Amino acid sequence: MDQPIRLKNNGQISIVLNSQKRKALTKEIPEPNVVQKTLQSEHLALREIEEELAALVGMEEMKRMIKEIYAWIYVSKKREEAGLKAGKQSLHMMFKGNPGTGKTTVARLISKLFQKMDVLTKGHLIEAERADLVGEYIGHTAQKTRDLIKKAIGGILFIDEAYSLGRGGEKDFGKEAIDTLVKHMEDKQHDFILILAGYSKEMDYFLSLNPGLHSRFPLVIDFPDYSIEQLMEIGQRMLKQKEYVLSRESERKLKDHLLWVKTVLNPQTFSNGRYIRNIIEKAIRAQSMRLLMQSHYDRHELMTIRSNDLVFEEDD
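A.B. asks: So what about the overall build of the protein chain? Which residues, and what values?
C.D. replies: Assigned secondary structure in the protein chain consists of 13 helices and seven strands. Across the 316 residues of the protein chain, 41% fall into the buried class. The long-range share in the protein chain, meaning contacts at least 24 apart out of those at least 6 apart in sequence, stands at 75%. For the protein chain, the accessible surface area stands at approximately 18,800 Å², while carbon and sulfur atoms represent 51% of it.

Have a look at this one:
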């Protein structure tokens, strides 16, 4: 389902009436703009989320998945209104991908959508990692994990780098956290949503640590690495939002640097929206210092990031 759900009139019927009947019937037909307004408001939650999704570069699979989830929830409510069975479905999810591919951002959007659709009573997002779940002695981990789940009731519990819970082997307390999560995913599956995130290969191994894990994640979303063009687009969008532009030389320098990092320095795990943001913010600070030293403040220069403003960590 590539397009948002909208109700449409696919056919038209023309009726010729005499003047008296036309006058009487006019009162019963709602104004076109009223009908349009009703149709638009019916899927307002989806449209609002779509507008935010449109600001995200790439991630087409994730965008399609969110629309499918919306469709299922919406149609389930319609079935319920029609007196049909509308069983609840588990919405626990797994996000697979390298750091900086937008997993946390998407989790926040999903929590907002589910809150608008009354799937979640609160719609808040709790972000956690291994240290928030794993304790220091037997029994401590289970209690910490239960407390975290309790805080997540009515919202989403998002655990990044979840595979780290299984790195210590059988005697590690991380396994206790996994077992506790599995139990509460079933017992409270309609009270909160668990999203586990991490590298694709490590998450596949993580699923093998508990026999009940795999079946409890009906929604698995892959976050592919950004291409060089997509990374440049992310940077351009950030700059536009702040009312800056890259000079032709600085644009070429940034693109060459990203290509080097992605293919030579860190080809396996570099994807990275956060890396671009850090470069942009550092360039803006460097530009400010350059303009201060030059006492040059015309509008064009205030907006332009030049090649010598781009200083990369690898060059320091």
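So much for the structure itself; the text now carries on.
A.B. asks: For the sheet that holds strand E1 (residues 93-97), give the residues involved together with the corresponding values.
C.D. replies: Taken together, five strands build an open sheet; the order of strands is E2-E3-E4-E1-E5 and the sheet is parallel. Looking at strand neighbours, the two that pair on one side only are strand E2 (125-128) and strand E5 (219-223), the edges of this open sheet. Neighbouring strand axes in the sheet, compared pairwise and without regard to direction, differ in orientation by 20 degrees on average. Contacts from helix H4 (residues 60-81) reach E1 and E5, with the element oriented near 155 degrees to E5.

A.B. asks: Provide a residue-level description of unusual backbone geometry, including the pertinent values.
C.D. replies: With a phi close to 60 degrees, Met-59 is a non-glycine residue in the positive phi region. Accessibility expressed as a relative area gives 8% for Met-59, which makes it buried.

A.B. asks: Give me the side chain of Ser-90: which residues, what numbers.
C.D. replies: Residue position: Ser-90 is located in the loop between H4 and E1. Classification of Ser-90 by relative accessible area gives buried; the value is 14%. Look past the residues within four positions of Ser-90 in its chain and what remains in contact with it is Gln-189, His-190, Arg-216 and Pro-218.

A.B. asks: Tell me about the packing of helix H3 (residues 44-54) against H4, and please be specific about residues and values.
C.D. replies: Close contact between H3 and H4 brings their axes to 12 Å; oriented N to C, the two are set at 175 degrees. Judged by the angle between their axes, H3 and H4 are roughly antiparallel. Here Leu-46, Glu-50 and Leu-53 of H3 lie close against H4, whose contacting residues are Met-62, Lys-63, Ile-66, Lys-67 and Tyr-70. Each residue belonging to the contact of H3 with H4 can be placed in one class, and the counts come to five nonpolar, no polar and three charged.

A.B. asks: Lay out helix H5 (residues 103-116) with the relevant residues and their values.
C.D. replies: Between its first and last C-alpha, H5 extends 20 Å over 14 residues, near the 20 Å set by a 1.5 Å rise per residue. Of all the residues in H5, the buried ones are Lys-103, Thr-104, Val-106, Ala-107, Leu-109, Ile-110, Ser-111, Leu-113 and Phe-114. Residue Asp-118 follows H5 closely and has a positive phi angle near 65 degrees.

A.B. asks: Could you give an account of the environment of Asn-278, naming the residues involved and the relevant values?
C.D. replies: Within the secondary structure, Asn-278 is located in helix H12 (residues 273-294). Taking the C-alpha atoms as reference, Asn-278 lies 9.5 Å from Phe-312; in sequence the two are 34 residues apart.

A.B. asks: Please provide a residue-by-residue account of H12, values included.
C.D. replies: Taking 1.5 Å per residue as the helical rise, H12 with its 22 residues ought to reach 32 Å, and the 32 Å between its terminal C-alpha atoms agrees with that figure. Residues Gly-273, Tyr-275, Ile-276, Ile-279, Ile-280, Ala-283, Ile-284, Gln-287, Arg-290 and Leu-291 constitute the buried set of H12. Looking one or two residues past H12, Ser-295 carries a phi angle of roughly 50 degrees, positive in sign.

A.B. asks: Would you mind going over the pattern of salt bridges in detail, with residue names and values included?
C.D. replies: Tallying each qualifying case throughout the model produces 16 salt bridges. The closest approach of N and O atoms between Arg-64 and Glu-68, which form a salt bridge, is 2.3 Å. Here Arg-64 pairs with Glu-68, and both are found in helix H4, just four residues apart, close to one helical turn. Judged by relative accessible area, Arg-64 falls into the partly exposed class, the value being 25%. For the salt bridge of Arg-237 with Glu-233, the shortest nitrogen-to-oxygen distance reads 2.7 Å. Pair noted here: Arg-237 and Glu-233 are both in helix H10 (residues 228-241), with a separation of four residues, about one helical turn. Residue Arg-237 is classed as partly exposed on the basis of its relative accessible area, which comes to 33%.

A.B. asks: Before we move on, can you summarise the nonpolar core with the specific residues and values?
C.D. replies: Ranked by size, the top nonpolar core spans 55 residues in total, and within it Met-62, Phe-95, Val-106, Phe-114 and Leu-258 carry the most contacts. A per-element tally of this core places H4 first, with seven residues. Leave out the neighbours within four places in its chain, and Val-106 touches Leu-56, Met-59, Met-62, Ile-66, Phe-95 and Phe-223. Of all hydrophobic cores here, the second largest spans 26 residues; its members include Leu-133, Ile-159, Ala-177 and Phe-206.

A.B. asks: Run through the environment of Arg-248, naming residues and quoting values.
C.D. replies: By the secondary structure assignment, Arg-248 is in helix H11 (residues 248-265). Taking the C-alpha atoms as reference points, Arg-248 and Ser-307, 59 residues apart in sequence, are found 8.5 Å from one another.

A.B. asks: Any details on the packing of H10 against H12? Residues and values, ideally.
C.D. replies: The interhelical angle for the contact between H10 and H12, taken along N-to-C directions, is 45 degrees, at an axis separation of 9 Å. Here H10 lies oblique to H12, going by the angle between them. Viewed along their axes, H10 and H12 form a crossing whose handedness is right-handed. For the pair H10 and H12, the contacting residues are Leu-231, Ile-234, Gly-235, Met-238 and Leu-239 in the first and Gly-273, Ile-276, Arg-277 and Ile-280 in the second. A per-class count over the contact of H10 with H12 returns six nonpolar, two polar and one charged.

Thresholds applied
Residues numbered from 1 in each chain as written. Predicted model: local features only at pLDDT ≥ 70, side-chain atom pairs only at ≥ 80, totals over all residues. Heavy atoms only, no water. Helix = DSSP H or I, 4+ residues; strand = E, 2+ residues; numbered from the N terminus. Buried < 20%, exposed > 50% of the residue type's maximum accessible area, 1.4 Å probe, protein only. Contact = heavy atoms within 4.5 Å. Areas by Shrake-Rupley, 256 points an atom, 1.4 Å probe, with all protein chains shown as cover. Pairing = 2+ DSSP bridges. Axes fitted to C-alpha atoms, helices over the stretch in contact; angles between N-to-C directions. Parallel < 35°, antiparallel > 145°, perpendicular 65-115°, else oblique. Nonpolar A, V, L, I, M, F, W, Y, C, P; charged D, E, K, R; others polar. Expected span 1.5 Å × (residues − 1). Salt bridge = Lys/Arg side-chain N within 4 Å of Asp/Glu carboxyl O. Core = buried A, V, L, I, M, F, W, Y, C linked by side-chain atoms within 4.5 Å. Left-handed = near helix turned anticlockwise from the far one by under 90°.

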